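Residue-level listing of the chains:
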Amino acid sequence: DPAKGTPETIRDHPRVFATLTAPSFGPVHNRPGNRPCRCGTRHAEDAPELGTPLDPDTYDYAGAVLWNNHASELWRYFTIYLRREIAKRAGLTQKAAREQSRVSFGKVAEYQKRGAVHFHAVIRFDGPAGPDDPPPAWATLDLLTDA
Ligand SMILES: [Zn+2]
């Protein structure tokens, strides 16, 4: 549908929706479905303690701060390593993979309740000229998912 402004071809390009979350920095108060929180309480939906550490003495505050501080660098490394893995799985050098395809990224950064940054990302294969260019035959959804 050209009225929607998206070229017909892009929709057929292999794409992966991924969520990249921080590791645990220690248990926090939460609402795990129908079960009570690990503290034994069933917290209200708007309880102010949600997302705060169960044990402030052992919570890795430094790790949590460093994670957020380095989130954009971690994302940058993720894209570097992903391209490397794609080339490896395609049996190509990184240069050859880059000449034959383009990996496009769209991402949104959000804060989880515990204050840690996480990313929602759409990662798509295009041809070397971009969104209007079909990706090569080796650039499959399976390969991208695996990478
Ligand atoms: Zn709790």
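Bear in mind the structure is a predicted one, so any value in this text is a computation, not a measurement. (Residues numbered from 1 in each chain as written. Predicted model: local features only at pLDDT ≥ 70, side-chain atom pairs only at ≥ 80, totals over all residues. Heavy atoms only, no water.)

Colleague: Where do I start with the sheet that holds strand β2 (residues 102-111) in this structure?
Modeller: In a beta sheet, neighbouring strands are held together by backbone hydrogen bonds and run either parallel or antiparallel to one another. Across the sheet, three strands lie side by side as β1-β3-β2; this open sheet has antiparallel pairing. Looking at the sheet topology across the chains shown, the edges are occupied by β1 (15-20) and β2. Strand after strand, the sheet turns through a mean of 15° between neighbouring axes, direction not considered. One ladder, built from six bridges, connects β1 with strand β3 (residues 117-126); its direction is antiparallel. (Pairing = 2+ DSSP bridges. Helix = DSSP H or I, 4+ residues; strand = E, 2+ residues; numbered from the N terminus. Axes fitted to C-alpha atoms, helices over the stretch in contact; angles between N-to-C directions.)

Colleague: Is there a simple way to explain the coordination of the zinc ion in this structure?
Modeller: Tetrahedral coordination by four donors sets the ideal angle at the metal to 109.5 degrees; octahedral coordination by six donors sets it to 90 or 180 degrees. Coordination of the zinc ion by the protein involves His29 (ND1), Cys37 (SG), Cys39 (SG) and His43 (NE2), with metal-donor separations of 2.0 to 2.3 Å. Seen from the zinc ion, its four donor atoms lie at angles of 106 to 118°, and the figure they make is tetrahedral. One chain supplies every donor to the zinc ion, and in sequence these donors are spaced H-x7-C-x1-C-x3-H. (Donors = N, O, S within 2.8 Å, 3.2 Å for Na, K, Ca; no water. Tetrahedral: all angles 85-135°; square planar, octahedral: opposite > 155°, others 65-115°.)

Colleague: I keep staring at the domain arrangement of the protein chain and nothing clicks. Help me out?
Modeller: Per the domain assignment, the segments of the protein chain are domain 1 (2-25 + 70-146) and domain 2 (26-59). A separation of 34 Å is found between the C-alpha centroids of domain 1 and domain 2. Every contact between the two is made by four residues of domain 1 and, on the other side, six residues of domain 2. Of the roughly 450 Å² buried between domain 1 and domain 2 on both sides combined, carbon and sulfur atoms contribute 49%. The three residues of domain 1 that bury the most area against domain 2 are Phe25, Lys113 and Arg114, which together make up 92% of that side's buried surface. (Domains from an automatic or database assignment. Contact = heavy atoms within 4.5 Å. Buried area = accessible area lost by both parts, 1.4 Å probe.)

Colleague: Sorry if this is basic, but what is going on with the pattern of salt bridges here?
Modeller: Under the counting rule described, the total for this entry stands at six salt bridges. Between glutamate 85 and lysine 88 there is a salt bridge whose closest N-O contact spans 3.5 Å. Pair noted here: glutamate 85 and lysine 88 are both in helix α3 (residues 71-90), with a separation of three residues, about one helical turn. (Salt bridge = Lys/Arg side-chain N within 4 Å of Asp/Glu carboxyl O.)

Colleague: Mind showing me how you'd approach helix α2 (residues 61-69) here?
Modeller: Residue pairs three or four apart in sequence face the same way in an α-helix, which turns once every 3.6 residues. If you check which residues of α2 are buried, you get Gly63, Ala64 and Trp67. On an axial view of α2, the arc spanned by its buried residues comes to 100°, and they lie on one face. Turned more than 90 degrees off the buried face of α2, the exposed positions are Ala62, Val65 and Asn69. Residues of α2 that are buried make contact with α3 and β3. (Buried < 20%, exposed > 50% of the residue type's maximum accessible area, 1.4 Å probe, protein only. Arc of directions from axis to C-beta.)

Colleague: Explain the side chain of arginine 124 here, please?
Modeller: Relative to the helices and strands, arginine 124 is located in strand β3. Here arginine 124 is in contact with Ile10, His13, Pro14, Arg15, Arg102, Val103, Ser104 and Pro131, once residues within four sequence places are set aside.

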